Amino acid sequence: MLNRRSALFLFPAAALTGAITVSAQEAAARGRYTSPPATSSIEIAGKKITVDYYAPSRHDRKVMGGLVPFGVVWCTGANIATKITTEAPLRMGDLDLPKGEYSIWTLPGEKEWKLIINRETGQFHLNYNASLDFGRTKMNLKQLPSMVETFRVDLRADGGNKGTLALVWENTEASIPFTVR
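Because the structure is a prediction, the values reported are computed rather than measured.

Rules used in this analysis
- Residues numbered from 1 in each chain as written.
- Predicted model: local features only at pLDDT ≥ 70, side-chain atom pairs only at ≥ 80, totals over all residues.
- Heavy atoms only, no water.
- Core = buried A, V, L, I, M, F, W, Y, C linked by side-chain atoms within 4.5 Å.
- Buried < 20%, exposed > 50% of the residue type's maximum accessible area, 1.4 Å probe, protein only.
- Helix = DSSP H or I, 4+ residues; strand = E, 2+ residues; numbered from the N terminus.
- Contact = heavy atoms within 4.5 Å.
- Salt bridge = Lys/Arg side-chain N within 4 Å of Asp/Glu carboxyl O.
- Phe/Tyr/Trp six-rings, centres within 6.5 Å; stacked < 30°, edge-to-face > 60°.

Asker: I'm lost on the nonpolar core in this one. Help?
Answerer: With 37 residues, the main nonpolar core has I84, M92, L165 and F178 as its most contacted residues. Elements that contribute at least two residues to this core include exactly β1 (37-44), β2 (47-54), β4 (90-92), β5 (95-97), β6 (100-107), β7 (113-118), β8 (133-157) and β9 (162-180). At seven residues, the largest contribution of residues to this core is made by β9. Those residues in contact with I84 that lie beyond four places of it in its chain are I49, T50, V51, L90, M92, G100, E101, Y102, I104 and L165.

Asker: I would appreciate a short explanation of the environment of L155 in the present structure.
Answerer: In this structure, L155 sits in strand β8. On the basis of relative accessibility, which here comes to 11%, the residue L155 falls in the buried class. Taking the C-alpha atoms as reference points, L155 and T50, 105 residues apart in sequence, are found 8.4 Å from one another. The contacts of L155, once residues within four sequence positions are left out, are S40, S41, I42, I49, T50, V51, T164, L165 and F178.

Asker: Is there a simple way to think about the pattern of salt bridges in this case?
Answerer: Side-chain pairs of opposite charge can arise whenever the charged atoms involved come near each other. Taken as a whole, this structure holds nine salt bridges when the rule is applied. One salt bridge in this structure joins E173 and R156, with 2.9 Å as the shortest N-O distance. Within this pair, whereas E173 is found in strand β9, its partner R156 is found in strand β8, the two being separated by 17 residues in sequence. Take R156: its relative accessible area is 29%, and that puts it in the partly exposed class.

Asker: When you look at the packing of aromatic side chains in this model, what are you seeing that I'm missing?
Answerer: Overall, the coordinates contain seven aromatic pairs when judged by the stated rule. A ring pair is formed by W74 and F151, whose centres lie 5.4 Å apart and whose planes are at 75 degrees; its orientation type is edge-to-face. In this pair, W74 sits in the loop between β2 and β3 (82-86) while F151 sits in strand β8, placing the two residues 77 residues apart along the sequence. F151 matches W74 in its accessibility class, with the two residues each being buried. Considering the side-chain rings of F151 and W169, the 5.8 Å spacing of their centres and the 65 degrees angle between planes classify their relative orientation as edge-to-face. Pair noted here: F151 is in strand β8 and W169 is in strand β9, with a separation of 18 residues, a long-range link. Using a relative accessible area of 2% as the deciding quantity, one classes F151 as buried. Overall, W169 belongs to the buried group, its relative accessible area being 2%.

In short, geometric facts, not functional conclusions.
Rendered as structure tokens:
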């Protein structure tokens, strides 16, 4: 039988254990990451191109030049490195990319961005290895007229065998044209 003093120590501990259990259950229900997985896919010239990424949201934070600092390689999304899969060789900016899977990284700047294609896929967002870069190429940059809350990757058909890959977040769009070869 518990005396009053023992009960005072045990009940708060039991309540805390219950709170931790609920918190762990809630976390499991939401998944491993707070930024949800997303996919953008398109078929151009009969070949499929897919980008798999995690989509972070602004949540009233300064993104460009803040959460995404200028002059530092960015994972281009969240959690696991963004992956592009192409069924055909692509010409992206100055890069001739063989068909296959690659990770996409970016080097954001206030006035210029570079797209980085890396040979490794599946790495956590801080595990960037520049020695595995396939190459880098300049992106087009423009300010958007309205705020975009959640990061997204757009793949757009531009007619024939041409398309555009666009990274859209906050009030910024960084894009690069590509050609399916």
